[in-house]
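Structure assessment
Below are the chains, spelled out letter by letter.
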Amino acid sequence: MADRGTPHLRPRVVASIEARMSASRLPGKVLMDVAGAPALERLVRRLTRAESIDAIVLATTTNPADDALAEWAEERRLPCYRGSENDVLDRVVEAQRMMGAEIIVEVCGDTPLLDPRVIDAAVARFLDGDVDVVSNTANLTWPQGIDAQVFRFDDLEKVARTQTDPAVREHVSLYFYEHPETFRIHHLAAPPEEAAPHIRLQLDYAEDLDLIRAIYARLEPRFGDGFSVRDVLDLLAAEPELAAINAHCQEKAVR
């Protein structure tokens with residue numbers, strides 16, 4: 001997505017998508033086909049619908065395996081920054097610096113079902129003030145993969161300058177959550193009709209891909225690519241066998 005170029009009466013909000021081809025569990029997942037488009041394209045289309053975001057940047061690596069991602073971004077005219085494969089924190093900071101960001105929306109490349117309405121709610125709460133981080137990932141209430149994390153560029157840049165912990169360098173926002181005495185964190189909670197933290201809607205395993213493909217195949221003909229997390233949950237309630245596809249898949253611990 002090109003910069004929207006609108007006059008800024010508020011801080012500049014930039015979403016950075018962390019993505020690489022060499023994922024350990026499902027290599028190449030971000031460019032795998034989902035109902036006729038790469039998973040990453042699905043993610044960008046949905047993120048573009050978020051009214052609160054001024055620009056999007058792809059933060060990928062200098063690994064030759066990620067040439068395909070850089071080429072995809074160039075074809076789409078999506079800004080792309082290439083940095084360290086292992087130091088994800090530095091990669092995101094430099095991508096955001098390149099974009100002149102003031103407020104960061106952190107997005108993982110494995111969330112092709114994220115809901116732009118949730119992103120907008122998180123940014124709105126952040127801009128209301130009296131917080132340093134707005135997040136729905138530390139205290140999970142929405143399904144996994146409906147992520148929203150918002151914080152200041154200056155705060156993340158300071159973490160990158162001062163912290164050497166390998167886990168912090170790999171998991172961009174981890175330092176904020178481990179230091180609630182320093183950062184005011186607002187944990188965004190799902191409304192009751194969207195609360196389903198046991199449901200996996202992110203892309204890590206082959207089974208996740210099967211589920212995401214099934215969701216798009218059923219909902220896109222009805223809603224286009226603008227369907228909401230509520231639409232997804234209504235579908236899974238109507239066809240519970242779909243949610244069973246990846247129910248056994250588990251996230252690995254950060255530490």
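These remarks concern the structure in this document.

**Here we look at the pairing of strand β6 (residues 103–108)**
Most of β6 sits inside the fold, with five of its six residues counted as buried. Note: β6 against strand β8 (residues 149–152), three bridges, orientation antiparallel. Opposite Ile 103, over in β8, you have Arg 152 as the bridge partner.

**Structural notes on the packing of aromatic side chains**
All chains considered together, the criterion is met by four aromatic pairs. Between Tyr 175 and Phe 183 the ring centres are 6.2 Å apart and the planes differ by 80°, which places this aromatic pair in the edge-to-face class. An angle of 70° between the planes, with centres 5.1 Å apart, marks the rings of Tyr 216 and Phe 227 as edge-to-face. Here Phe 227 lies in the loop between α8 (206–223) and α9 (229–238) and Tyr 216 lies in helix α8, a separation of 11 residues in the sequence. We note that Tyr 216, like Phe 227, is buried.

**What about the packing of helix α1 (residues 39–48) against helix α2 (residues 67–76)?**
One way to put it is that α1 packs onto α2 with a least axis distance of 12 Å and a crossing angle of 45°. Between α1 and α2, the interaxial angle falls into the category oblique. Where α1 crosses over α2, the handedness of that crossing is right-handed. Two secondary-structure elements touch here, α1 through Leu 40, Glu 41, Val 44 and Arg 45 and α2 through Leu 69, Trp 72 and Arg 76. Counted by class, the contact of α1 with α2 contains four nonpolar, no polar and three charged residues.

**Remarks on the packing of α8 against α9**
Running from amino to carboxyl end, α8 crosses α9 at an angle of 110°, the nearest separation of the two axes being 11 Å. On the basis of the axis angle, α8 is roughly perpendicular to α9. Read as a crossing pair, α8 and α9 show a hand that is right-handed. Residues Leu 211, Ile 215, Arg 218, Leu 219 and Phe 223 of α8 form the contact with α9, whose own contacting residues are Asp 231, Val 232, Leu 235 and Leu 236. Residue composition of the contact of α8 with α9, by class: seven nonpolar, no polar and two charged.

Calculation rules
- Residues numbered from 1 in each chain as written.
- Predicted model: local features only at pLDDT ≥ 70, side-chain atom pairs only at ≥ 80, totals over all residues.
- Heavy atoms only, no water.
- Buried < 20%, exposed > 50% of the residue type's maximum accessible area, 1.4 Å probe, protein only.
- Helix = DSSP H or I, 4+ residues; strand = E, 2+ residues; numbered from the N terminus.
- Pairing = 2+ DSSP bridges.
- Phe/Tyr/Trp six-rings, centres within 6.5 Å; stacked < 30°, edge-to-face > 60°.
- Axes fitted to C-alpha atoms, helices over the stretch in contact; angles between N-to-C directions.
- Parallel < 35°, antiparallel > 145°, perpendicular 65-115°, else oblique.
- Left-handed = near helix turned anticlockwise from the far one by under 90°.
- Contact = heavy atoms within 4.5 Å.
- Nonpolar A, V, L, I, M, F, W, Y, C, P; charged D, E, K, R; others polar.

Spatial relationships are all this shows, so hold off on functional conclusions.
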